[in-house]
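The chain contents come next:
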Amino acid sequence: MTTRQRNLAVLIAIGVLAVVGGYFGGGSPPAPHPMDAVPDGAFLVVSVDLGKLRSAGVLDELGLLNQRGRDDVTAACGFDPLDRAREFVIAAPEEGEPGEFGVAVTVDLDRDQVLDCAKKVLSARGGNPTVHEEDGFSIVEDTSLGVARPRIAVRTGAPLFVGHGPWLRAMMHAYDRQGPRAAATSAHVRLRKELDGDHAAISATASLPASLREKLRADVEGGQKQGGPTFSAILQVSEAAIALHVAGDAGGADGVHAIAQCETAQACVTLRDFIARKQTALEKDWGVKLIGMATLLEAMHLETRGAELELDLAAPASEIARVANRAWTFTATSPPPLADAGTAPLRRADETIVAGDR
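A quick note: this is a predicted structure, and the numbers were derived from the prediction, not measured.

Draft legend 1. Region of the structure containing the pattern of salt bridges. Here the structure, examined in full by the defined rule, presents 15 salt bridges. With a closest N to O distance of 3.4 Å, Arg151 and Glu141 form a salt bridge. Linking Arg151 in strand β6 (residues 151–154) with Glu141 in strand β5 (residues 137–142), this pair joins segments that are 10 residues apart in sequence. With respect to burial, Arg151 and Glu141 carry one shared label: buried. For Arg213, the salt bridge is made with Glu263, and the minimal N-O distance between the two is 2.7 Å. Of this pair, Arg213 sits in helix α8 (residues 210–221) while Glu263 sits in the loop between β10 (255–262) and α10 (265–283), and the two are 50 residues apart along the sequence. Judged by its relative accessible area of 48%, Glu263 falls in the partly exposed class.

Draft legend 2. Seen up close, the pairing of strand β2 (residues 87–93). With 5 of 7 residues buried, β2 lies mostly within the body of the structure. Here strand β1 (residues 42–49) runs beside β2; their pairing, made up of 7 bridges, is antiparallel. Paired with Val46 across the two strands is Ile90, which belongs to β2. Relative to strand β3 (residues 102–106), β2 runs antiparallel, the two being bridged by 5 bridges.

Draft legend 3. Unusual backbone geometry, seen in detail. The phi angle at Arg177 is positive, at roughly 60°, despite the residue not being glycine. Its place among the elements puts Arg177 in the loop between α6 (165–175) and α7 (187–194). With relative accessibility at 65%, the residue Arg177 sits in the exposed group. Its identity is not glycine, yet Asp196 carries a phi of approximately 55°, on the positive side. In this structure, Asp196 sits in the loop between α7 and β8 (202–207). On the accessibility criterion, Asp196 (26% relative accessible area) is partly exposed.

Draft legend 4. Region of the structure containing the sheet that holds strand β11 (residues 300–305). Taken together, 12 strands build an open sheet; the order of strands is β4-β5-β6-β7-β3-β2-β1-β8-β9-β10-β12-β11 and the sheet is antiparallel. If you trace the sheet from one side to the other, it starts and ends with β4 (129–134) and β11, each paired once. The average angle at which neighbouring strand axes cross in this sheet is 15°, direction not considered. Of the pairings in the sheet, the one linking β1 to β8 comprises 5 bridges and is antiparallel in character. Its bridge partner lying in β8, Leu44 is registered against Ala206. Strand contacts of α6: β1, β2, β3, β4, β5, β6 and β7 (160–163), with the helix running at about 160° to β7, the strand carrying the most contacts. The sheet contacts of α7 involve β1, β8, β9 (237–245), β10 and β12 (308–313), and relative to β8 the element is tilted by about 140°.

Conventions adopted
- Residues numbered from 1 in each chain as written.
- Predicted model: local features only at pLDDT ≥ 70, side-chain atom pairs only at ≥ 80, totals over all residues.
- Heavy atoms only, no water.
- Salt bridge = Lys/Arg side-chain N within 4 Å of Asp/Glu carboxyl O.
- Helix = DSSP H or I, 4+ residues; strand = E, 2+ residues; numbered from the N terminus.
- Buried < 20%, exposed > 50% of the residue type's maximum accessible area, 1.4 Å probe, protein only.
- Pairing = 2+ DSSP bridges.
- Axes fitted to C-alpha atoms, helices over the stretch in contact; angles between N-to-C directions.
- Contact = heavy atoms within 4.5 Å.

Following this line, the structure appears as structure tokens:
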């Protein structure tokens, strides 16, 4: 990894994990809601309430408290910043550069401590940190990383922003009401309300306009305009959302609830049947049993209501997190297992999600 690549990784880590490290001051006003920083034109919005996850023990099960990569930040800054994070939102634009996104973190911030921490860590990694003022925010960035370098914007009493380019400014302007926010009628607001996302530990919503889905079709099919029924059904999903609730949320039950809006009722039926077949096959797979996912799959319930597909999984949030962490570790470190003679295949010939899908 080159010095610039290391500095880029460090700056992102500081923004998402480390530079959220302001101390909570007694008598401070309530932190603003991070959804206030979601601009119009976002296609993906993910919100995470670290306080809920931490209190329910979910962060430990997810392995997100692993110290690797944060020790040098803690040594330079004098505190472990993740312990001081409260809530953040990640938003990605429909248009823009591949992989572009922005982060808004809601904490009570000590501006000088944040800037000092960022500069110390970047300098230790051979970077060239600079600070300047823009739109009422102090902006810290590593000028050794080039034009597309990420930036951190901090202002006392406001969320901390991480991103780069026009999308970062769009999030800052949305928060300050100098630019358009996600409208009350947008898919993100409607879906969050349906899933009680404001009380969820984790929620994610996606708005998938036809132009975006056609782009996906072209990428997968190599420009062809014909695909199998399952792939066609997936491309008819115009909106989707998922939420994880933990004990103590409104409703008081752990579990996952997800919904998908299809263009037609038949598309949702096709998608439901495909997921159900995969569910049955995975329950018999030895690798799935090994990581403890089979029990969760058995508890998963699918249902269609017209052009809407619903998925419910009632299970302890800590168990869901534990299995998710095992699955991530297992798939990241192991080759795909071979199915034995008594195991149902994971993919049938008519379920391949490519242009030839039938």
